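In case you want the letters, here they are:
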There are 2 protein chains.
Amino acid sequence: MALKEESCSKCFDGRQLVYSHDSETLKCNMRFAVYLPPAAESRKVPVLYYLSGLTCTEQNVITKAGAQRICAKHNIALVCPDTSPRGVNLEGEDDTWQFGTGAGYYLNATQEPWSKHYHMFDYVTKELPALVEKELPVTATKSIFGHSMGGHGALICALKCPGQYASVTAFAPICNPSVTPVASKALKGYLGDDKAAMEAYDATCLVGSYNGPMMDILIDQGTNDGFYKDKDLEPEAFVRAAAANPNISVVLRKHEGYDHGYYFISSFMEDHVDIHAAALNEDGSGAAN
Amino acid sequence: MALKEESCSKCFDGRQLVYSHDSETLKCNMRFAVYLPPAAESRKVPVLYYLSGLTCTEQNVITKAGAQRICAKHNIALVCPDTSPRGVNLEGEDDTWQFGTGAGYYLNATQEPWSKHYHMFDYVTKELPALVEKELPVTATKSIFGHSMGGHGALICALKCPGQYASVTAFAPICNPSVTPVASKALKGYLGDDKAAMEAYDATCLVGSYNGPMMDILIDQGTNDGFYKDKDLEPEAFVRAAAANPNISVVLRKHEGYDHGYYFISSFMEDHVDIHAAALNEDGSGAAN
């Protein structure tokens, strides 16, 4: 087996696992977490991917979000990758929490030295699903969501891979990273000072021209979120850009008083997982297996 | 106000707070966490105390256990103290995770130098409830539960303070610390090599002579728990000792495959909080406020 089991704990009658593996795409050893619900003991189940935000590892969401209970209820698996390549020893990778380690932005970097390892887009959309589907009791039916940098990651994965995900939602996503302050610096570092290259990984720039299957997107945003107040997220820009596209419907919910952290995420986790479970279990390829 | 707010995040329509204060009992600055449910914005609510296990701070349970959702559902507050005095600079306090910092065992130490600060029993049963009831929108109606060392803490608080708690439950509690390997060393350190002194803080020794109001105790225990397998917990000893007391009824549930950690706790948290909420909301002193 290509996966090494790092930990396993029974949780809500299923199993919370962490695996490591050598990633060909990222050219380093990576960890990811998988929650396998009770039904996965006897049949294949569909998979929900969760992409985490800046500074996170695969641990944050499995520790803090309370998602396992809801995935157990619906019998869907939850796969949570790490947020960047690890241990690749690039100069400057640990200089700031906004770039490099823990800040891979789910894109394929083109600039040296990052282009050697930082191909998180290919990792989360291709290598990891193929690996998970080969090695674990899951079907090919998948949905995706995430938080902050990972909320944006979920949006671009869905927008750039039409038909690959049954549903997509996001918690407080960075929505327009080619122009917002914190994210644009990172995108420039990975992709160079090239507007078109940056816009190719910007959900607000991509959403207008998406022409895949109809996509209903839920975005939850707290009004007391410092990144939102600093205009680093800009969900309204995404909503405006999406309005022109008949294949996209966005619901942006603003929640008074909630901040950017996991107390916010956990409060609305059930709404998100319920949406994904409905989409995943409706999809024939998942339910049939 | 005697409390300093260290953090506040909206969570399930209520507020997850952390406060610090100067403890007279412990003679040091202490932190504790409080979850205030939505109803606490407009009226006083009853309080559930959660005592954590070895190495924990007030953070572990509020981060990992998923209790806020359930406390919000029932409109009860959750108060989570730290596990020992902090920053008191006693020689040897950080030598092992089994004694000293993070390992206060919810008792009143009699041995020097611990007796200067380590009075966690008085802190959690007297000073903290008085403070919380004075400063926060809570009633005097309270219940208590906990995990491991804190599960035992909950048991001895309820057994040694008859009538003070509307209900008590425990996750994988240390049950017989005057004789089990890890805990007996700690008790000896705090109380001296004195059988009677140690038995006065041992739930299994106390339960036979409890003569307060009828007490129904739920204990959840995972069968894949390393401390259980090493005979550091011994819930069966507690059940045997309790059997002789008509005022005590114990339900010990053994859950196959679960370990000692928060994935176990979170899986059964709802059962525990539901029990406490029923007891707290039934009690006239709470519901009337």
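Residues numbered from 1 in each chain as written. Chains lettered and ligands numbered in written order. Predicted model: local features only at pLDDT ≥ 70, side-chain atom pairs only at ≥ 80, totals over all residues. Heavy atoms only, no water.

An unreviewed UniProt entry lists chain A under the name S-formylglutathione hydrolase, with Monosiga brevicollis as the source organism. One UniProt comment on chain A, placed under Subcellular location (unreviewed entry), says "Cytoplasm". Quoted verbatim from the Sequence similarities (unreviewed entry) field of UniProt, the annotation for chain A is "Belongs to the esterase D family." (UniProt positions renumbered as here; feature names shortened; annotations may be inferred.)

**Points about the overall build of chain A**
Looking only at helices and strands, one finds 11 helices and 9 strands in chain A. In summary, chain A has a C-alpha radius of gyration of 18 Å against a globular reference of 19 Å for 289 residues, a match within 12%. Each of the three principal axes of chain A carries a C-alpha extent, and together these read 50 × 40 × 35 Å. Per-residue burial for chain A yields a buried fraction of 61% across its 289 residues. Long-range pairs, those at least 24 residues apart, make up 72% of the contacts in chain A with a sequence separation of at least 6. Carbon and sulfur atoms make up 48% of the accessible area of chain A, which amounts to about 10,500 Å² in all. With 24 positive and 35 negative side-chain charges, chain A shows a separation of 2 Å between the mean positions of the two kinds. (Helix = DSSP H or I, 4+ residues; strand = E, 2+ residues; numbered from the N terminus. Rg over C-alpha atoms; globule rule 2.2 N^0.38 Å. Buried < 20%, exposed > 50% of the residue type's maximum accessible area, 1.4 Å probe, protein only. Contact = heavy atoms within 4.5 Å. Areas by Shrake-Rupley, 256 points an atom, 1.4 Å probe, with all protein chains shown as cover. Lys, Arg positive; Asp, Glu negative; His and termini not counted. Charge placed at Lys NZ, Arg CZ, Asp CG, Glu CD.)

**Describing the relation of the copies chain B and chain A**
Between the two copies of this chain, the relationship is a rotation about some axis together with a displacement along it. Mapping chain B onto chain A calls for a screw motion: a turn of 180° about the axis and a shift of 0.0 Å along it, with 0.0 Å RMSD after fitting. Here the two chains are linked by the operation of a two-fold rotation axis. An overlap of 100% is found between the interface residues of chain B and their copies at the interface of chain A, pointing to a shared contact surface. (Least-squares fit on C-alpha atoms with pLDDT ≥ 70 in both.)

**As for the pairing of strand β4 (residues 45–51) of chain A**
Looking down a regular strand, the side chains alternate between one sheet face and the other. Residues and elements named next belong to chain A. Here β4 lies mainly inside the structure; 7 of its 7 residues are buried. Inspection of the sheet shows β4 paired to strand β6 (residues 138–147) by 6 bridges, in the parallel sense. From the neighbouring strand, leucine 51 faces β6, where its bridge partner is glycine 146. In this sheet, strand β5 (residues 77–81) lies alongside β4 in parallel orientation, the contact comprising 3 bridges. Residue pairing across strands places tyrosine 49 opposite valine 79, the latter belonging to β5. (Pairing = 2+ DSSP bridges.)

**Remarks on the pattern of salt bridges**
Residues and elements named next belong to chain A. Inspection of every chain in the model, using the stated rule, returns 30 salt bridges over all chains. The salt bridge involving glutamate 270 is made with arginine 69; its shortest N-O contact spans 2.9 Å. Linking glutamate 270 in helix α10 (residues 262–282) with arginine 69 in helix α2 (residues 67–74), this pair joins segments that are 201 residues apart in sequence. Here arginine 69 falls in the buried class, since its relative accessible area comes to 17%. (Salt bridge = Lys/Arg side-chain N within 4 Å of Asp/Glu carboxyl O.)

**Some details on unusual backbone geometry**
A cis geometry characterises the amide bond from glutamate 112 of chain A onward to proline 113 of chain A, with omega recorded as 0°. Relative to the elements of secondary structure, proline 113 of chain A occurs in the loop between β5 and α3 (120–135). With a phi angle near 70°, aspartate 13 of chain B is a residue other than glycine that sits in the positive phi range. Turning to its location among the elements, aspartate 13 of chain B is positioned in the loop between β1 (4–11) and β2 (14–23).

**Quick notes on the interface of chain B and chain A**
The partner chain A presents 21 residues to the 21 residues of chain B that form the contact. Across the chain B to chain A interface the summed buried area is about 1,700 Å²; carbon plus sulfur atoms make up 51%. Counting across the chain B and chain A interface gives 0 salt bridges. Linking chain B to chain A there are 10 residue pairs in polar contact (both at pLDDT 80 or more). Those elements that place two or more of their residues in the side of chain B that touches chain A are β1, α1 (59–64), α2 (67–74) and α10 (262–282) of chain B. Of the residues in the side of chain B that touches chain A, the class split is 7 nonpolar, 7 polar and 7 charged. (Buried area = accessible area lost by both parts, 1.4 Å probe. Polar contact = N/O pair within 3.5 Å; in protein donor to acceptor, adjacent residues only side chain to side chain. Nonpolar A, V, L, I, M, F, W, Y, C, P; charged D, E, K, R; others polar.)

**A closer look at the sheet that holds β6 of chain A**
With mixed pairing, 9 strands are arranged side by side in an open sheet as β1-β2-β3-β5-β4-β6-β7-β8-β9 (chain A). On the outer flanks of this sheet lie β1 (4–11) and β9 (248–255) of chain A, each paired with one strand and no other. Taking each pair of neighbouring strands and ignoring which way they run, the sheet shows an average axis angle of 20°. In the packing of α2 of chain A onto the sheet, the strands contacted are β1, β2 (14–23), β3 (28–36) and β5 of chain A, and the crossing angle to β3 of chain A comes to about 60°. Strand contacts of α10 of chain B: β1 and β2 of chain A, with the helix running at about 30° to β1 of chain A, the strand carrying the most contacts. (Axes fitted to C-alpha atoms, helices over the stretch in contact; angles between N-to-C directions.)

**Describing the packing of aromatic side chains**
The full count for this structure, using the stated rule, is 28 aromatic pairs over all chains. With centroids separated by 5.9 Å and ring planes inclined at 70°, the aromatic side chains of phenylalanine 121 of chain A and tyrosine 201 of chain A adopt a geometry described as edge-to-face. Placement of phenylalanine 121 of chain A in helix α3 and of tyrosine 201 of chain A in the loop between α6 (195–199) and α7 (203–206) is noted, with a sequence separation of 80 residues between them. Under the relative-accessibility criterion, tyrosine 201 of chain A is labelled buried at 12%. An angle of 90° between the planes, with centres 5.3 Å apart, marks the rings of tryptophan 114 of chain B and tyrosine 118 of chain B as edge-to-face. Considered together, tryptophan 114 of chain B and tyrosine 118 of chain B belong to a single accessibility category, that of buried residues. An aromatic cluster is built from Tyr50, Phe145, Phe171, Tyr258, Phe264 and Phe268 of chain A, whose rings are joined through pairwise contacts. In this arrangement the basic side chain of lysine 160 of chain A is found over the ring face of phenylalanine 121 of chain A, its NZ or CZ atom lying 5.6 Å from the centre. The cationic tip of lysine 160 of chain A hangs over the ring face of tyrosine 201 of chain A; the distance from NZ or CZ to the ring centre is 4.2 Å. (Phe/Tyr/Trp six-rings, centres within 6.5 Å; stacked < 30°, edge-to-face > 60°. Lys NZ or Arg CZ within 6 Å of the ring centre and 35° of its normal.)

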